[in-house]
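Survey of secondary and tertiary structure
Listed here are the chains, written in short residue letters.
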Amino acid sequence: MWWALGFGWMLFTYDHHGTPLLFWLTLAFLATDVFFLALRIILYIFLSAAFCFCLPCIIVFMHYINSQERASEAEISSLPKYRYEVSNGDVGQPDNRACRMIPMGTNGQDFSTERVLRIENADCCICLCQYEDGEQLLLLPCDHHFHSTCIVKWLMLKATCPLCKVLVAPNE
Ligand SMILES: [Zn+2]
Ligand SMILES: [Zn+2]
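Here we summarise the structure given alongside this text. (Residues numbered from 1 in each chain as written. Chains lettered and ligands numbered in written order. Predicted model: local features only at pLDDT ≥ 70, side-chain atom pairs only at ≥ 80, totals over all residues. Heavy atoms only, no water.)

Describing the pairing of strand β4 (residues 136–139)
Sheet topology places strand β1 (residues 81–87) next to β4; 3 bridges connect them, and they run antiparallel. Counterpart to tyrosine 82 in the pairing with β4 is leucine 137. With 3 bridges connecting them, β4 and strand β5 (residues 145–147) associate as antiparallel partners. When the sheet's bridge partners are listed, leucine 138 is paired in β5 with phenylalanine 146. (Pairing = 2+ DSSP bridges. Helix = DSSP H or I, 4+ residues; strand = E, 2+ residues; numbered from the N terminus.)

So this is what it looks like as structure tokens:
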């Protein structure tokens with residue numbers, strides 16, 4: 001407000017015939033001020049317009065990049081599913097328990113080989129929980145296994161194994 005008042009006073013009421021140099025110098029400073037103010041306003045308008053028009057493009061671009069990185073539904077559903085099963089071993093020796101991965105079958109493919117797990121390997125490296133009897137597991141091509149729910153969430157973000165970074169669908 002003071003700036004506008006001073007500006008008005010300089011232009012319309014100040015008697016500059018006595019001190020012409022001071023008058024023109026002040027006027028030059030004011031003109032520079034006005035110039036930069038206008039420049040700032042134009043820049044703001046330009047940036048807001050760029051933000052409004054480019055944001056949808058950026059969102060689409062990010063979405064595209066993300067869809068390149070994550071695994072597709074078909075890739076996820078083609079992974080072999082297993083059911084984790086624990087059968088009790090010798091009485092008093094929990095380490096002797098046989099932990100097995102029983103194949104549950106996948107779309108048109110036969111993964112009929114049952115796998116035996118050591119108890120120390122029977123945990124999910126995503127949630128760090130030990131597998132419980134009856135839980136559903138997914139096996140990746142790199143031979144790493146995880147809880148089905150945990151690895152599906154991961155693969156929706158990135159199509160690689162969280163442990164060894166091998167691609168889930170290397171052919172594509
Ligand atoms: Zn898990
Ligand atoms: Zn792996």
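Let's talk about the sheet that holds strand β3 (residues 115–117)
Ordered in space as β3-β2-β1-β4-β5, the 5 strands form an open sheet in which the pairing is antiparallel. The two strands at the open ends of the sheet, each matched to only one other strand, are β3 and β5. This sheet shows a mean twist of 35 degrees between the axes of neighbouring strands, independent of strand direction. Contacts between helix α4 (residues 148–155) and the sheet are confined to β4 and β5, with β5 contributing the most and set at about 100 degrees to the helix. (Axes fitted to C-alpha atoms, helices over the stretch in contact; angles between N-to-C directions. Contact = heavy atoms within 4.5 Å.)

Focus: the coordination of the zinc ion (ligand 1)
Four donors placed tetrahedrally about a metal ideally form angles of 109.5 degrees, and six donors placed octahedrally ideally form angles of 90 or 180 degrees. Surrounding the zinc ion (ligand 1) are the protein donor atoms Cys124 (SG), Cys127 (SG), His147 (ND1) and Cys150 (SG), at 2.2 to 2.3 Å. One chain supplies every donor for the zinc ion (ligand 1), spaced along it as C-x2-C-x19-H-x2-C. One end of the pair, cysteine 127, is in the loop between β3 and β4; the other, cysteine 150, is in helix α4, and 23 residues separate them in sequence. Residue cysteine 150 is classed as buried on the basis of its relative accessible area, which comes to 14%. (Donors = N, O, S within 2.8 Å, 3.2 Å for Na, K, Ca; no water. Buried < 20%, exposed > 50% of the residue type's maximum accessible area, 1.4 Å probe, protein only.)

Quick notes on the coordination of the zinc ion (ligand 2)
Within the first shell, the zinc ion (ligand 2) binds the protein through Cys142 (SG), His144 (ND1), Cys161 (SG) and Cys164 (SG), at distances of 2.0 to 2.3 Å. Viewed at the metal, the 4 donor atoms of the zinc ion (ligand 2) are separated by angles of 107 to 115 degrees, and the geometry they form is tetrahedral. Summarised as a motif, the one-chain spacing of the donors to the zinc ion (ligand 2) is C-x1-H-x16-C-x2-C. In this pair, histidine 144 is assigned in the loop between β4 and β5 and cysteine 164 in the segment after α4, connecting sequence segments 20 residues apart. Look at histidine 144 and you get partly exposed, because its relative accessible area is 26%. (Tetrahedral: all angles 85-135°; square planar, octahedral: opposite > 155°, others 65-115°.)

Looking at the pattern of salt bridges
Under the defined criterion, the tally for this structure stands at 6 salt bridges. For lysine 158, the salt bridge identified is with glutamate 69, shortest N-O distance 3.7 Å. Placement of the pair is lysine 158 in the segment after α4 and glutamate 69 in helix α2 (residues 20–69), with a sequence separation of 89 residues. Judged by relative accessible area, lysine 158 falls into the partly exposed class, the value being 36%. The class of glutamate 69 is partly exposed, set by a relative accessible area of 38%. Two residues, arginine 83 and glutamate 85, come together in a salt bridge whose shortest N-O distance is 2.7 Å. Overall, the relative accessible area of 32% leaves arginine 83 in the partly exposed class. Through salt bridges with shared partners, one network takes in Arg83, Glu85, Arg100 and Glu114. (Salt bridge = Lys/Arg side-chain N within 4 Å of Asp/Glu carboxyl O.)

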